[in-house]
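Each chain, letter by letter, is given below.
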Amino acid sequence: MRIVVLAKPVPDTTGTERLGDDLRLDRLSSPPIVNPNDEYAVEQAIRLVEAHGGEITLLTMAPPGATETMRKALAMGAHGGLLVTDDALAGACALATTRVLAAALATLDHDLVLAGAASADGGAGVVAAGIAAIRGLPYLSYAGSVEVLGDRVRIHRLHATGYTVLEAPLPAFVVVTQMVGEPRYASLKGIMAARSRQIRSVSLADLGLDPAEVGGSAATTRVLAARRPAERGATRVVRGSPAEVAREIVDLLDERRLL
Amino acid sequence: MTIALFEPFEHVPAYPLVFPVFWGAFAVFALVVARHVRVWAAAHPGGPAPFERVPARAWGVVRYTIAQTRMFRDPRAGVMHYALFLGSTILLIGNINAVTGGIPQAVVGWPLDGILWTALVAIQNAVAIAALIGVAWAFERRLVSRPPRLLLTRTAIVILLMIAVVVSTELLAQAFEAAAWGDIPGAFVANALAIPLAGLDEAWLEAGFAVLWWGHVVALGAFLIWIPTNKHFHIYTSFVNVWLRRLTPRGRLPVMDLEVEDATFGLRTLADLGWKDILDGFTCTECGRCTDACPANRTGKTLDPRGLIMGIRRMSTAAERGIDIVPDSPAVREIRGSDDTRPDPSLLAAPLLDGAIDYDAVWDCVTCGACVESCPVLIEHVEKIVGIRRNLVLDESRFPHEATAAFTGMERSGNPWGQPASTRLDWTKGLAFPVPVARDLAATGRLRDIEVLYWVGCAAAFDDRARRTARAFATCLDAAGVRFAVLGQEEACSGDPARRMGNEYVFQMLAMQNVETLKKYDPPTIVTACPHCFNTLSHEYPDFGGTFTVVHHSAYLARLLADGRLTPGAAGTAASAPAVAAGSDAPGRPAGRTVTVHDSCYIARYNGIVSEPRAVVGALPGVRIREMERNGRQTFCCGAGGGRMWMDETRGTRINEERTRQALETGAQVVAVECPFCMTMVGDGLATAGAADGVVALDIAELLAEAVAPR
Ligand code: SF4
Ligand code: SF4
């Protein structure tokens, strides 16, 4: 089975993010990591390959330095990667990203495409659905579990009160939630193996795309303003025996009329 | 007087048969040992250099195997064992005499009219009695008083019986000889035993002598053949094992080469162990001191350090299957196309996990080193356990899932809490004096003036409770007028938790980064209030090119006190410590308090720093120290070492609660600690114990900060 996973480099979520003058994230301020949501997609892909065999290819649109970050996902167990990188893509909007990734996906053999729900930086949460629409793939989202049954994929689509079982023929596009299982911690064996795996870089020209249509200059959205969220109130740690702690927490919730 | 060879054995019927009988047995003994060695030889070649630092090695043998200092920590066992040890070694003279046709007697008996030999015979008679008493006492311990650490195995009983038989047949043979042919010079015990025998018929006496004498030799031979297959083998191997003991600091784990392709990282199989590790297995006396001292074992977990070492021996012995006692000649081997001198590769590849230790136990270890400290024959358990963790983490990525957050935090954010480095100086907020940062001092050329660099450590930077300790320690430094600086954002985790959890990759990353930072500022001295940082910076960073002078804050504060730079004032004059008082759970004043000192494993046991924290606490006015039973080098871990701080303790009862119980038993009002992790563990322990009686855990720096007045 050939699985393509969208794995986006994002600034470290524990770092202190800084905004540049253009109100966009200063990506140099903290080292990038693989988008945590996408790590769950990588984990799901590895589990499927462990069960059914096959290969995992990472697909990313990012600046050239992203290969370093992609290696971290390769170290978990993916087999190779395709990086779309082009100076003209700086400032590309979600729609442009969608079109570029859809074009890149068309160059890859795939039975299944996986992605995490939204990225930790942009957070638009629309790219996956857009790619599926352009490529005409069945789109299954909010997956709490993913199973491949012959030439079909079956997921549990989570919602507030339970789940719905959905099934679609392959190839299909599945967006996973964090319920699919904790991403594995890469072993040193994996890190070493990742060094020799191939990450191919392609430009817009290689994909036959026109920078004027998908580049930053053609962005369909614009940042008008940005501000920090208000500081959260101080955390209170309740200590004591389990019974005392429970009583105190109940009192606290009660005080705030949350019970 | 000259004694001809064979002359002392003129009464022994068919004496020359002793050569085939005993020396035949000796040959079998040698072959059995050789078979063990064939497996050791197939193990990993890494190991100690036997001929390096010979004086230190020789001194170790004198101290640990001849004087047996560690045995006397348990005085009863020590005396009993020493009787057996003396018996066995001194009686060796008579035994060698008997099986060599009397060579020692001929040599020693030659000058001074044989007085020396007579004296030796007398001494041997005396130690024979001592040995028999020792055996009786050992039986009493195994069967009657039964200290819990001892195993009641058939092997243990048979060994004692064998000793009893070997010693008593020799003594009785002498007694019969004396009765039949007249007193033996010097053999005062045998001569006395001969008195009641004197009435027996001559023929009976001669027959009795023959049976006993031959019985002794046969028992000796049989014992010799059997010894290498059981724990009694330690009588030989302990000398070798102690000679080969690790001479590097105990808190330094071996460096791993992480760049080798296609290697097994860490310890997975029997063959990944070094030959010395396997020798450890054959040196273990099954005494159980390690398991008895082990906090994980004490709290009902499956970790059993003795079991690990015995398991290694069992696996090594199992790997001898297919190796013949008497190997085929090279020609036969060639014809057969089979090599009966080398262990079967599949047996060497047997995994240590489940073969010697189970998965949970590997992760239950707090690397406290209590096992290593208590082992009379200097076996190293911790390195092996960490080695297995290394394999699990680096090869298989298999570890308790809670550890992932700590690993990721150290890897991405440089601290196991996963907090941003930008908050590293938050603990200094609100202090009445500035805390200079090395980078700023360097920029203005004032870095040269500092006396010490205060290595804060992640706990003090990110943990609320430990931040208070950092403030107290900085307050002491300030009160003493010490010119110091901190690294601030440039500091990263020392890497100790990663290393002890087996994640050598992340450890080395952090170590190299920190060594580079520290070299840039090249501080004259580094002081830290974290035992783990202290141990790693002082003992492990030299392997990464960073040799620094590192001092633990207990020693540093003790020195400030000794030099008169800090003077603990009368209670209540703690004017210099407003920062500590704010939010501190230290009620009242230090006067009239009883304090018990909880030693940190990595300070007291690994680094022998025991008197310094006591000097600090003892300097406080009106404070009395009450020791716990396990203190100093024998301290009992708080439960946080070895990265356990970052894992859930789900098996057995909790180590911190056990240690807190021990602390409360002293009746002290304050548990003084010297480590931020001990602080968390003891603090939690006190909370769970419902220390309503107001017992608190305080760092020694906090106790001192309350009491110091600026000079
Ligand atoms: S280091 Fe401590 S916890 Fe680990 S086996 Fe030894 S005594 Fe037990
Ligand atoms: S390892 Fe050492 S302390 Fe433990 S049982 Fe063996 S000899 Fe005794």
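Cut-off values and rules
In this convention, every chain numbers its residues from 1, walking through the sequence in written order. Each chain is given a letter, starting from A, and each ligand a number, starting from 1, according to the order in which they appear as written. Only residues with pLDDT of at least 70 get local features here, since the model is predicted, and only at 80 or more are side-chain atom pairs given and counted; chain-wide, interface and lining totals rely on the full set of residues. Excluding hydrogens and water, the side-chain figures rest on all heavy atoms present in the structure. Lines are fitted to the C-alpha atoms to define the axes, a helix being fitted only along its stretch in contact, and any angle between axes, read from their N-to-C directions, falls within 0 to 180 degrees. What counts as a helix is a DSSP run of H or I of at least four residues, what counts as a strand is a run of E of at least two, and both are numbered from the N terminus. The labels follow the angle: roughly parallel below 35 degrees, roughly antiparallel above 145, roughly perpendicular from 65 to 115, and oblique for the rest. The criterion used for residue contact is that any of the two residues' heavy atoms lie within 4.5 Å. Basically, the charged four are Asp, Glu, Lys and Arg, the nonpolar ten are Ala, Val, Leu, Ile, Met, Phe, Trp, Tyr, Cys and Pro, and anything else, Gly included, counts as polar. A pair of strands is labelled paired if DSSP reports no fewer than 2 bridges between them. Near, as used in this document, describes a residue that has one of its heavy atoms within 4 Å of the molecule or strand being considered.

A. Layout of the packing of helix α31 (residues 655-665) of chain B against helix α32 (residues 676-688) of chain B. Residue and element names in this part refer to chain B. Look at α31 against α32: their axes get within 8 Å of each other, and the N-to-C directions meet at 75°. In terms of their interaxial angle, α31 and α32 are classed as roughly perpendicular. When α31 is examined against α32, the residues N656, E657, T660 and L664 are found in contact with a partner set consisting of M681, V682, D684, G685, L686 and T688. Along the lines of polarity and charge, the residues of the contact of α31 with α32 split into four nonpolar, four polar and two charged.

B. Looking closely at the sheet that holds strand β9 (residues 696-699) of chain B. All names here are of chain B. Strands sit in the order β7-β6-β8-β9 across an open sheet of four strands; the sheet is parallel. Edge positions in the sheet fall to β7 (624-625) and β9, since each of these pairs with one other strand and no more. On the sheet, helix α30 (residues 611-618) packs against β6 (594-597), β7 and β8 (670-673) and is oriented at approximately 165° with respect to β6. Across the sheet, helix α33 (residues 700-707) is in contact with β6, β8 and β9; its angle to β9 comes to roughly 80°.

C. Focus on the environment of A438 of chain B. All names here are of chain B. Relative to the helices and strands, A438 is located in helix α21 (residues 438-443). Between the C-alpha atom of A438 and that of L510, which follows or precedes it by 72 residues, the distance is 19 Å. Beyond its immediate sequence surroundings of up to four residues, A438 is in contact with L447, L453, A485, V486, L487 and Y521.

D. Layout of the site of ligand 2. Taken together, 13 residues are adjacent to ligand 2, and C284, C287, G288, C290 and C375 of chain B come closest. For the shell around ligand 2, a count of residues per class yields seven nonpolar, three polar and three charged.

E. Highlighting the sheet that holds strand β9 (residues 162-169) of chain A. Residue and element names in this part refer to chain A. Pairing is mixed in the open sheet, where nine strands are placed in the order β9-β8-β7-β10-β6-β1-β4-β5-β11. Of all strands in the sheet, those bounded by a partner on one side alone are β9 and β11 (199-202). Between one strand axis and the next, the sheet turns by 30° as a mean value, whatever way the strands run. Across eight bridges, strand β8 (residues 152-159) lies against β9 in antiparallel orientation.

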